[in-house]
Amino acid sequence: MPADPLPTRLRLRLLFGTDAMLGPGKADLLQQIRETGSISAAGRAMGMSYKRAWSLVEEMNAAFREPLVQSARGGASGGGAQLTAMGEAVLAGYRRIEEIAAEAAGAEIAALAGFLRDMPDGK
């Protein structure tokens, strides 16, 4: 039997009351900002506009006690963005929660995946 081209994944969204949320999209954006050093490059890598990426960064920066992303405007010396120490801590914490949840629910996830219909050509 060939390997599943799109394995089953667990995606978590943390809702902090009604005002703040951290989920896979924001975590991926933080990771891309860390890797690229740029909000616009991070957004492009994820297929989103700069405006959308910047809006998500603003949401996260406003929701947490300290900003998660620090940015500098472009110009002669160039711009860029980087995760703050708080941003690194939040991203690491979120990724750890994903790992713990996936490990804890692995058997149940596999059981549910086993109930899926076999679909030819991945459809």
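Residues numbered from 1 in each chain as written. Predicted model: local features only at pLDDT ≥ 70, side-chain atom pairs only at ≥ 80, totals over all residues. Heavy atoms only, no water.

Participant: Which residues make up the overall build of the chain, and what values do they have?
Facilitator: Assigned secondary structure in the chain consists of five helices and four strands. For the chain, the N- to C-terminal ordering of α and β elements is β-β-α-α-α-β-β-α-α. Put simply, the chain has 123 residues, and 26% of those count as buried. Sequence separation of 24 or more characterises 44% of the internal contacts of the chain that already satisfy a separation of 6 or more. Total accessible area on the chain is roughly 8700 Å²; 55% of this is exposed by carbon and sulfur atoms. (Helix = DSSP H or I, 4+ residues; strand = E, 2+ residues; numbered from the N terminus. Buried < 20%, exposed > 50% of the residue type's maximum accessible area, 1.4 Å probe, protein only. Contact = heavy atoms within 4.5 Å. Areas by Shrake-Rupley, 256 points an atom, 1.4 Å probe, with all protein chains shown as cover.)

Participant: I'd like a description of the packing of aromatic side chains, backed by residues and values.
Facilitator: Summed over the entire model, instances satisfying the criterion amount to two aromatic pairs. Considering the side-chain rings of Phe16 and Phe64, the 6.2 Å spacing of their centres and the 75° angle between planes classify their relative orientation as edge-to-face. With Phe16 in strand β1 (residues 14-16) and Phe64 in the loop between α3 (50-63) and β3 (69-72), this pair connects stretches of sequence that are 48 residues apart. Classification of Phe16 as partly exposed rests on a relative accessible area of 43%. Centroid distance Tyr50 to Trp54: 6.4 Å. Interplanar angle 15°. Geometry classified as stacked. Here Tyr50 pairs with Trp54, and both are found in helix α3, just four residues apart, close to one helical turn. Residue Trp54 is classed as partly exposed on the basis of its relative accessible area of 27%. (Phe/Tyr/Trp six-rings, centres within 6.5 Å; stacked < 30°, edge-to-face > 60°.)

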